[in-house]
Amino acid sequence: MDTVPRIRAARWADKDPVAALISDALHPSPLATWLIPDPSPRRRILTDVLAIWIEHAMFYGDIYLTDDATAATVGFHRYRPIPPPANYPTRLSDAAGPHADRFDLLDRLLAKERPTEPHYHLAFLAVQPTARRSGRGTALLNHHRSRLDHVNLLSWTSTTPDAQNMHIRHGYTPQPTINLPEGPTLSTMRRNPRHHTPGQPKPVPPQDNEPAPFHRVP
């Protein structure tokens, strides 16, 4: 297994590389195919839509990535209601074109399942395809768990079914699934707050069969 690079907070200059990273991770997935059936513009559209949300997280959340920029998490601080990205309908239409309706539907379905109480929304966890099965996803989730336990905060996420076990090892429990019309199923998961105590479980070691994680933000 490769040595996992250190994890750092993203800077403004990381905005576009993080959007491209998540686009690369999402591109071959059934969700991406459902959002954009035509493979020709898929990567470009994904990157452009993701850039809107990455920018939004710079103001209303946080972004952490490995120092080699091969894996990242993006989250939102939903301690209170936060606004949508500025001019979102227009920007989504410009970015996604005829596929904007599917992005909008996905946004609404995910928002419907989100907790109503204050929480941290783990919107994206992505690992570059060439860096998968290197422990980067586990390292980022360990880092994420440590921060949440420090502030004793509920966390919520949505992910693909094949990444459920990795999240369960980090304290998440499955919640209702989302069945996209004529599309894939997404799993929602919740991690209740835990006080940091001497008996707290140790960081989860990387697994040889670590899946390629992905989350999508509403």
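You'll find the structure just up there.
Everything numeric here is computed off the predicted structure, so don't read it as measured data.

## Details of the pattern of salt bridges
Item 1. What the rule picks out here adds up to twelve salt bridges.
Item 2. Ionic pairing is found between Asp-67 and Arg-8, a salt bridge with its closest N-O pair at 2.9 Å. Taken together, the positions of Asp-67 in the loop between β2 (61-66) and β3 (71-78) and Arg-8 in strand β1 (residues 7-9) put the pair 59 residues apart, joining distant regions of the chain.
Item 3. Here the residues in one salt-bridge network are Arg-6, Arg-8, Asp-14 and Asp-67, joined through shared partners.

## Brief notes about the packing of aromatic side chains
Item 1. Per the counting criterion, the structure on display carries three aromatic pairs.
Item 2. Each ring, one from Trp-53 and one from Phe-76, has its centre 6.1 Å from the other, and the planes form 90°; the classification is edge-to-face. With a gap of 23 residues between them, Trp-53 in helix α3 (residues 42-60) and Phe-76 in strand β3 connect regions that are remote in the sequence. Summarising the burial analysis for this pair, Trp-53 and Phe-76 share the class buried.
Item 3. Judged by relative accessible area, which is 5%, Trp-53 ranks as buried.
Item 4. Through pairs of rings, three or more aromatic residues link up here, namely Trp-53, Phe-76 and Tyr-88.

## A word on the pairing of strand β7 (residues 185-191)
Item 1. Most of β7 is tucked away: five of the seven residues are buried.
Item 2. Sheet topology note: the strand β6 (residues 173-179)/β7 ladder contains five bridges and is antiparallel. By the bridge assignment for β7, Thr-173 is matched with Arg-190.
Item 3. Following β6, the chain reverses through five residues before pairing antiparallel with β7; Glu-182 in that reversal takes a positive phi of roughly 55°.

## Focus: the environment of Leu-21
Item 1. Mapped onto the secondary structure, Leu-21 falls in helix α1 (residues 15-26).
Item 2. Placed 106 residues apart in sequence, Leu-21 and Val-127 show a C-alpha to C-alpha distance of 7.4 Å.
Item 3. Contacts of Leu-21, omitting those with residues within four sequence positions, involve Ala-69, Thr-70, Ala-71, Ala-72, Ala-126, Val-127 and Gln-128.

Quick notes on the rules
Residues numbered from 1 in each chain as written. Predicted model: local features only at pLDDT ≥ 70, side-chain atom pairs only at ≥ 80, totals over all residues. Heavy atoms only, no water. Salt bridge = Lys/Arg side-chain N within 4 Å of Asp/Glu carboxyl O. Helix = DSSP H or I, 4+ residues; strand = E, 2+ residues; numbered from the N terminus. Phe/Tyr/Trp six-rings, centres within 6.5 Å; stacked < 30°, edge-to-face > 60°. Buried < 20%, exposed > 50% of the residue type's maximum accessible area, 1.4 Å probe, protein only. Pairing = 2+ DSSP bridges. Contact = heavy atoms within 4.5 Å.

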